[in-house]
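Residue-level listing of the chains:
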Amino acid sequence: MPELPEVDTIVRDLRPLVVGHRLGRPTMRHHDVLRGITKPRFLAGLDGARIARLDRRAKHAVFTLARHGDAPRRLVVQPGMTGSLLVYDRALTDDERRYAVLRAPLDDGRELVYRDVRRIGRLYLLDEDGYARYDAAIGPEPLDPALDAAAFGRILGGSRQAVKKVLMDQRKLAGVGNIYANEALFAAGIDPSKPASRLAPAAHARLLDELRRILRAAIASQGTTFRDYRTGTGERGNFQLELFVYGREGEPCKVCGTRLGATHDIDARVTVFCHRCQR
Ligand SMILES: [Zn+2]
């Protein structure tokens, strides 16, 4: 599933291609990705709107749409496991048409496409109040300088759940999923199953530092590659970030050589860790 760095990459690649452009009449092949809005209202809301901004919030892409006489609206794209946002300057192939869930022509003949092979992603079109509620339901951004070690410590200190679960809880902290939670906990030398409230303040500060370092490194290497992931210009992610634990269960720890353990007991996702480095 794309996490903060992958969605950041998509948004960064796409922004110069779409911001300032106006959408023509969009079409949808499947509308089961829509939430809280009917297909006719959704399509009418996009038709003729100018893309004023494109930003990332948590693991989502947020288009700010402006249309003369209307209050701005937000198109929120949650790409999920298999979704991608793409811009084409040519006709789509049969395969591309098949998986194109939403197609919106741009004013210069190009086309903005939301592609989703398994349609696990979600699309929302929100007015100002709806967007305020959406935004308020998500925790702070880990790369926001306003989130200092004390504030991060309050998030962790307030929960007796496993620290890994708290890191991945989008209501508490935005954008972190299984890959970067595993990697940050390894780098900080913290047992992922430890109750968050039992970590010392020094561990909070270390975990925040390592989480930020890893997220920044992942953004710099355009996210981690995985199946179906495409950057905003359609290329496969350019995997340069060295992973220490995620996907390496049973392999030797790159720091101490101990065989890495794995468990599904924390959150039903695979947690990979080093018994020696993370106690
Ligand atoms: Zn180790």
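From a predicted model like this one, the values you see are computed outputs, not experimental measurements.

So, how was this worked out
Residues numbered from 1 in each chain as written. Predicted model: local features only at pLDDT ≥ 70, side-chain atom pairs only at ≥ 80, totals over all residues. Heavy atoms only, no water. Salt bridge = Lys/Arg side-chain N within 4 Å of Asp/Glu carboxyl O. Buried < 20%, exposed > 50% of the residue type's maximum accessible area, 1.4 Å probe, protein only. Helix = DSSP H or I, 4+ residues; strand = E, 2+ residues; numbered from the N terminus. Phe/Tyr/Trp six-rings, centres within 6.5 Å; stacked < 30°, edge-to-face > 60°. Lys NZ or Arg CZ within 6 Å of the ring centre and 35° of its normal. Patch = residues over 30% accessible without salt bridge, like charges linked within 9 Å, V, L, I, M, F, W, Y side chains within 5 Å. Areas by Shrake-Rupley, 256 points an atom, 1.4 Å probe, with all protein chains shown as cover. Donors = N, O, S within 2.8 Å, 3.2 Å for Na, K, Ca; no water. Tetrahedral: all angles 85-135°; square planar, octahedral: opposite > 155°, others 65-115°. Contact = heavy atoms within 4.5 Å. Polar contact = N/O pair within 3.5 Å; in protein donor to acceptor, adjacent residues only side chain to side chain.

Peer 1: Got a sec to walk through the pattern of salt bridges? Specific residues and values, please.
Peer 2: Across all of its chains, the model carries 21 salt bridges by this definition. The residue Asp108 makes a salt bridge to Arg110 at a minimum N-O spacing of 2.9 Å. Relative accessible area serves as the criterion here: at 16%, Arg110 is assigned to the buried category. Of the charged contacts in the structure, one is a salt bridge between Arg213 and Glu210, with a shortest N-O distance of 2.7 Å. Of this pair, Arg213 and Glu210 both sit in helix H8 (residues 201–220), three residues apart, which is roughly one turn of that helix. Judged by relative accessible area, which is 47%, Arg213 ranks as partly exposed.

Peer 1: For the packing of aromatic side chains, give the residues involved together with the corresponding values.
Peer 2: One pass over the full model with this rule turns up two aromatic pairs. Relative to Tyr134, the ring of Tyr131 has its centre 5.2 Å away and its plane inclined at 35 degrees; by these criteria the two rings are tilted. You can see Tyr131 and its partner Tyr134 sitting in helix H4 (residues 128–136), three residues apart, about one turn around the helix. Residue Tyr131 shares its accessibility class with Tyr134, and that shared class is buried. The ring of Tyr131 is capped by Arg74, whose NZ or CZ atom sits 4.2 Å from the centre of that ring.

Peer 1: With reference to specific residues and values, describe a nonpolar patch on the surface.
Peer 2: Where nonpolar side chains cluster on the molecular surface, the patch consists of Met1, Met81 and Ile120 and spans about 240 Å² of accessible area. Within the secondary structure layout, Ile120 lies in the loop between strand S7 (111–116) and strand S8 (122–126). With relative accessibility at 35%, the residue Ile120 sits in the partly exposed group.

Peer 1: Can you break down the coordination of the zinc ion residue by residue, with the values?
Peer 2: Every protein donor of the zinc ion is accounted for by Cys253 (SG), Cys256 (SG), Cys274 (SG) and Cys277 (SG), and the metal-donor separations fall at 2.3 to 2.4 Å. One way to put it: the four donor atoms around the zinc ion meet at angles of 100 to 114 degrees, and that makes the site tetrahedral. Site description for the zinc ion: donor spacing in sequence, C-x2-C-x17-C-x2-C. Owing to a relative accessible area of 23%, Cys277 belongs among the partly exposed residues under this scheme.

Peer 1: Outline the environment of Lys254, supporting the account with residue identities and numerical values.
Peer 2: Topologically, Lys254 is positioned in the loop between H8 and strand S9 (261–263). In this structure, the C-alpha to C-alpha distance between Lys254 and Cys274, residues 20 residues apart in sequence, is 9.6 Å. Dropping the residues within four chain positions of it, Lys254 is found in contact with Glu242, Leu243, Phe244 and Arg248. A distance of 3.1 Å separates a polar atom in the side chain of Lys254 from a polar atom in the side chain of Glu242.

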